[in-house]
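What follows is the residue order along each chain.
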Amino acid sequence: MTEASVVSSEPPNQHGYRPFTLGGFRFERDEHFVHVQWPTGRHVAAAEPFLKALMRDVAWNFFYGTVNFDSVIGTLNHYGDVDLFAGRFNEEYRKAELDHSENFPHDEIKATFQAMLDDWVNEDFDPFAAPMETGSAYGEKSGSNAPAVTRTRVTAKRMVGLPNDEPLRSDESGYPVNRAFADVDQTEPKVEVNEGYENDVSAFNFFAYLSRSDVTWNPSVVSVCRESLLCPTTEEFILPIIHGNDRVEWFVQLSDEIIWEVEDRETGKPRAKVVMKAGDCAAMPADIRHQGYSPKRSMLLVWENNSADLPGQIARGEAPTVPVTF
Ligand code: PHB
Ligand code: FE
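Cut-off values and rules
- Residues numbered from 1 in each chain as written.
- Chains lettered and ligands numbered in written order.
- Predicted model: local features only at pLDDT ≥ 70, side-chain atom pairs only at ≥ 80, totals over all residues.
- Heavy atoms only, no water.
- Pairing = 2+ DSSP bridges.
- Helix = DSSP H or I, 4+ residues; strand = E, 2+ residues; numbered from the N terminus.
- Axes fitted to C-alpha atoms, helices over the stretch in contact; angles between N-to-C directions.
- Contact = heavy atoms within 4.5 Å.
- Donors = N, O, S within 2.8 Å, 3.2 Å for Na, K, Ca; no water.
- Tetrahedral: all angles 85-135°; square planar, octahedral: opposite > 155°, others 65-115°.
- Buried < 20%, exposed > 50% of the residue type's maximum accessible area, 1.4 Å probe, protein only.
- Near = heavy atom within 4 Å.
- Polar contact = N/O pair within 3.5 Å; in protein donor to acceptor, adjacent residues only side chain to side chain.
- Areas by Shrake-Rupley, 256 points an atom, 1.4 Å probe, with all protein chains shown as cover.
- Nonpolar A, V, L, I, M, F, W, Y, C, P; charged D, E, K, R; others polar.
- Disulfide = S-S within 2.5 Å.
- Parallel < 35°, antiparallel > 145°, perpendicular 65-115°, else oblique.
- Left-handed = near helix turned anticlockwise from the far one by under 90°.
- Core = buried A, V, L, I, M, F, W, Y, C linked by side-chain atoms within 4.5 Å.
- Domains from an automatic or database assignment.

Chemist: Which parts of the structure should I look at to understand the sheet that holds strand β2 (residues 25-29)?
Modeler: Strand pairing in a sheet relies on backbone hydrogen bonds. The paired strands run either parallel or antiparallel. With antiparallel pairing, 4 strands are arranged side by side in an open sheet as β1-β2-β3-β4. Lying at the two open borders of the sheet, with one neighbouring strand each, are β1 (20-22) and β4 (41-46). On average, each strand axis in the sheet is tilted by 15° relative to the strand beside it, whichever way the strands run. Pairing of β2 with strand β3 (residues 33-38), which is carried by 4 bridges, proceeds in the antiparallel orientation. By the bridge assignment for β3, F27 is matched with V36. Of the strands in this sheet, β2, β3 and β4 touch helix α2 (residues 47-59), which is tilted by about 95° from β4. Where helix α4 (residues 106-120) meets the sheet, its contacts fall on β1, β2 and β3, and the angle it forms with β1 comes to roughly 165°.

Now the structure itself:
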């Protein structure tokens, strides 16, 4: 299916924004809000948090498990096709039978979401930027921001530090040290490699590398070892999605502090509040949803197990939802 054939071609509304239809779902935006309608209900969300969530859903290819934009709207990744839902993970919507879910081929929902971002993100707004580093998402349509809305996560071609890793590690790369990390030591380690091993042995200053991140809440991938992905990220303000895990993931707080609200994945009932300070390490269970708050820009290392077998094993009870039982 080509992108053009699946994306709504409706004309812009009185605010300059095109409406979009995906199955039984209809999306419209005005100066302040995004309005979502489905056969059994409707929802209204502020444009800025909605676009920030939509941006991550697209850039991460629907991520692991569930991406809740808020307590009502979200996507559930089946890795090939994707459910778009309203109220699916909201106990009260379920009880009232207002919830609705439809399954779409990955490429169809992605093309529609990408077209929505292209049309609804104005020139001054960068959905990946910290609040103090972007213009406003609100108002009548004014221009577009293609470089921002087509950005994908940085992925090292090899372990960072090795030749041809394509790193972002100098001012020449166009990524200056972020204002919040002006105190981060930029000295690179000196490695003396035996002849013949120059292509295989290296080290780099991980903190210096991360201090140049120009985005927030966007894990990059700095090393891949079979299914083990090390995904560091810089965080400021609020994680724009409420992530429902489908596997255990580990967090190492590398600097500053993040407060995590942890809820039951299905119902949204509160389970824990986790305050992580620099040096703290936590495992997030496979049956929760969570959202982080970072008062100051901080560095977080997310460690993911990328195995495609895990969600099924956990759903069938063959693998535990926690990495250790005390
Ligand atoms: C997560 O939901 O696990 C997550 C997502 C993005 C981040 C950090 C953590 O930047
Ligand atoms: Fe998560």
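Chemist: Looking at this model, I keep getting lost on the coordination of the iron ion (ligand 2). Mind explaining?
Modeler: Six octahedral donors around a metal ideally subtend angles of 90 or 180 degrees, whereas four tetrahedral donors ideally subtend 109.5 degrees. On the protein side, the iron ion (ligand 2) has H243 (ND1), N245 (OD1), E249 (OE) and H290 (NE2) as donor atoms, found 1.9 to 2.5 Å from it. Classification of the site at the iron ion (ligand 2) as irregular follows from its 6 donor atoms and the range of 49 to 168° in their angles at the metal. Linear spacing of the donor residues for the iron ion (ligand 2) on their chain is H-x1-N-x3-E-x40-H. Residues H243 and N245 agree in their burial class; the two are buried.

Chemist: Help me understand the site of ligand 1 in this model?
Modeler: Around ligand 1, 14 residues are found, and the nearest of them are W217, E235, H243, E249 and H290. A distance of 2.6 Å is found between an oxygen atom of ligand 1 and a side-chain nitrogen or oxygen belonging to E235. Within the side chain of E249, a nitrogen or oxygen atom sits 2.7 Å from an oxygen atom of ligand 1. Within the complex, 100% of the 280 Å² of free accessible area of ligand 1 lies under protein. Mapped by element, the contributors of at least two residues to the shell around ligand 1 are β10 (228-238), β12 (249-253) and β16 (288-305). Residues that form the shell around ligand 1 fall into these classes: 8 nonpolar, 4 polar and 2 charged.

Chemist: Just checking my understanding: could you explain the state of the cysteines for this structure?
Modeler: Note on terminology: a disulfide is the covalent bond linking the sulfur atoms of two cysteines. Enumeration according to the criterion identifies 0 disulfides in this entry. Lacking any disulfide linkage, C225 is separated from the closest cysteine sulfur, that of C231, by 13 Å. A residue is classified by how much of its surface remains accessible, and C225, at 54% relative accessible area, is exposed.

Chemist: Looking at this structure, I do not really get the packing of α2 against α4. What am I missing?
Modeler: In helix packing, the relevant descriptors are the interaxial angle and the interaxial distance, both defined with respect to the helix axes. Running from amino to carboxyl end, α2 crosses α4 at an angle of 140°, the nearest separation of the two axes being 10 Å. Taken together, the axes of α2 and α4 lie oblique to each other. As α2 runs across α4, the sense of the crossing is left-handed. Counted together, F50, L51, L54, M55, D57 and V58 of α2 and K110, F113, Q114, M116, L117 and W120 of α4 form the full contact between these two elements. Partitioned by chemical class, the residues of the contact of α2 with α4 number 9 nonpolar, 1 polar and 2 charged.

Chemist: How do you make sense of the nonpolar core when you look at a structure like this?
Modeler: Side chains of a nonpolar character, in soluble globular proteins, are inclined to be buried together. Counting residues in hydrophobic clusters, the biggest one holds 59 residues, and the most contacted among them are F27, F50, F113, W120 and W260. When residues of this core are assigned to their parent elements, the largest contribution, 8 residues, is made by α2. Two domains each provide a minimum of three residues to this core, namely domain 1 (3-149) and domain 2 (179-214 + 216-315). Setting aside chain neighbours within four positions, we find W260 in contact with W217, L239, F251, A272, K273, V274, M276, M284, H290, Q291, G292 and L300. With 12 residues, the next largest nonpolar core counts F206, L210, L254 and L301 among its residues.

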